[in-house]
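# Coordinate inspection notes
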Amino acid sequence: MAAWRTSAEVVIIGGGIMGSSTAYYLAKRGLTDVVLLERDLLAQGSTGLSVGGIRQQFSHPANIKLSQESVRVFELFGEELGVDINFRQPGYLFLTGKEETWKEFLSSVETQRRFGVSVETLTPEEISRRWSYLNVADVRGGTFGPKDGHADPYLATMGFARRARALGVSIEELTRVTGIHTSGRRIRAVATSRGPVSCSIVVNAAGPWAAEVAGMAGIELPVLPYRRQVFMTTAFDALPKPVPMIIDQDVSFYLRGAEPGIILGMSDPGEPSSFHLHVDREFMEKVVEAAVHRVPALESARILRGWAGLYEVTPDDNPIIGEIPARPGFFCACGFSGHGFQHGPAVGRILSQLILEGSTDFDLTPFAYDRFGRLAEGEKKVV
């Protein structure tokens, strides 16, 4: 085991996809005086508990660009980092039965195509011909991105972390951050359960705990944790493979293929913010009801297991990326509201560029910390 470092140029807090990718890209570009701190084990938090979805079907150009860059990394992950992350592209199919939502879909498609995203608009009849197992009686239309898909979040995170460690980054698991010391406006050190690490730069990649970490540095961060429950069926062969990620936008329900079964999930808009990770059987029944409505064949499926993870949610469902102006040296990569895994590679590269060069070629204005003042004045949310 490597000796404990009492100082570093950069301390990264959080060992999920954001922290690990940032560590890798910093080290790849020559900055190896980096310590990554993880309170648990790598990829055991939100990243490891996610379903690994990767899509380019966003309505805002900034999110589209993050996805496009990340997809390029995922496609070459094995070649660059030597790990097969089970990246598959069976597509994403978005469905809606509401006229207003359908109009929003069409507007988003125009934006997506403008930025080179391959996406189709489909009538209910076209959807039924391609995925005959879907009930489309109440569907107005759908959009399909054939290059969208999923990968294994744990393998991807460990791939970044393993390479970062090989390049010289110190990765400390089971190490809880207990405080951040400052002098004036500047970062001076991070206190941990194993001792302090003096540093001038901190990267807050703490996911659902990002607000807690920011508070240690005197920063109020509008990021709240929300439980999201996921269920997996036993082996189920009634649906022709591959099964894309299918999202019923009207009820925030989704399913996708996950050999040998099917993954099911749904957001609960009435659930308050919490760090709860227990699985609720009553909610599971609601998810199953939504699943059977959209895919009647699933009535014969059996639930194998369920688990819960945490989304890190901001007021506009978009992340905070970049340096906090009032606290020089304190960088954030948090608040991804369910999009974190798929944007991890791009964000890690962007943060490394910010830290090493003081600027980035990516326009981070939509993700700036100070945007929330603008939202309070009535700016519309974009995702």
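Just so we're clear, the structure is a prediction, and the values are computed from it rather than from any experiment.

Cut-offs and rules
Counting restarts for each chain, with residues numbered from 1 along the sequence as it is written. Where totals are concerned, whole chains, interfaces and linings use all residues; where local detail is concerned, this predicted model gives features only for residues with pLDDT of at least 70, and gives and counts side-chain atom pairs only at 80 or more. Excluding hydrogens and water, the side-chain values take into account all heavy atoms of the structure. Note on conventions: DSSP H or I runs of at least 4 residues are helices, E runs of at least 2 residues are strands, and numbering of each starts at the N terminus. The globule rule used for comparison is 2.2 Å times the number of residues to the exponent 0.38, while the radius of gyration itself is calculated over C-alpha atoms. Burial here depends on accessible area, computed with a 1.4 Å probe over protein chains only, as a share of the maximum for the residue type. Under 20% is buried, over 50% is exposed, and the range in between is partly exposed. Contacts: residue pairs with any heavy atoms within 4.5 Å of one another. Residue exposure ignores everything except the shown protein chains as possible cover, and the areas themselves are Shrake-Rupley values with a 1.4 Å probe. Two residue types count as positive, namely Lys and Arg, and two as negative, namely Asp and Glu; His and chain ends fall outside the count. Note on charges: their place is set at NZ of Lys, CZ of Arg, CG of Asp or CD of Glu. Take the buried Ala, Val, Leu, Ile, Met, Phe, Trp, Tyr and Cys residues and link them wherever side-chain atoms come within 4.5 Å; each set so joined is a nonpolar core. The pocket and cavity definitions rest on a 1 Å grid over protein atoms only: a 1.4 Å probe that fits but cannot leave marks a cavity, an open set with protein on both sides within 12 Å along at least five of seven lines marks a pocket, and residues lining either have an atom within 4 Å of a point. Grid points are joined across faces, edges and corners, and a volume is the space filled by probe spheres set on the points. Strands were regarded as paired on the criterion that DSSP finds at least two bridges between them. Angular values range over 0 to 180 degrees, each being the angle between N-to-C directions of two axes fitted as lines to C-alpha atoms, with helices fitted over their stretch in contact.

Each helix and strand in the protein was counted, giving eleven helices and 19 strands. Since a compact globule built from 383 residues should have a radius of gyration of about 21 Å, the 21 Å found for the protein is in line with a globular shape. Considering the protein as a whole, with its 383 residues, one finds that 55% of them fall into the buried category. Here the analysis covers contacts within the protein between residues at least 6 apart in sequence; of these, 73% occur between residues at least 24 apart. Accessible surface, the protein: about 16300 Å² in total, of which carbon and sulfur atoms supply 50%. Distance between charge centroids for the protein: 3 Å, based on 39 positive and 44 negative side chains.

The next subject is the nonpolar core. Of all hydrophobic cores here, the largest spans 48 residues; its most connected members are Val10 and Phe77. Counting residues in hydrophobic clusters, the runner-up holds 27 residues, among them Val139, Phe231, Phe283 and Val287.

Empty space among the atoms becomes visible once a probe the size of a water molecule is rolled across them. Using the criterion set out here, one finds one cavity of 30 Å³ or more in the structure. Quantified by volume, the largest cavity comes out at close to 30 Å³. Along the walls of the largest cavity sit Arg227, Arg228, Gln229, Met266, Ser267, Asp268, Glu271 and Phe283, which together make up its complete lining. Per-element tally for the lining of the largest cavity: the top contributor is strand 13 (residues 224–233), with three residues.

Next up on the list: the sheet that holds strand 18 (residues 320–323). Taken in spatial order, the six strands make up an open sheet running 8-2-1-12-19-18, and their pairing is mixed. Of all strands in the sheet, those with a lone pairing partner are strand 8 (170–172) and strand 18, marking the two edges. Neighbouring strand axes in the sheet, compared pairwise and without regard to direction, differ in orientation by 15 degrees on average. Of the pairings in the sheet, the one linking strand 1 (residues 10–13) to strand 12 (residues 201–204) comprises four bridges and is parallel in character. Bridging across to strand 12, Ile13 finds its partner in Asn204.

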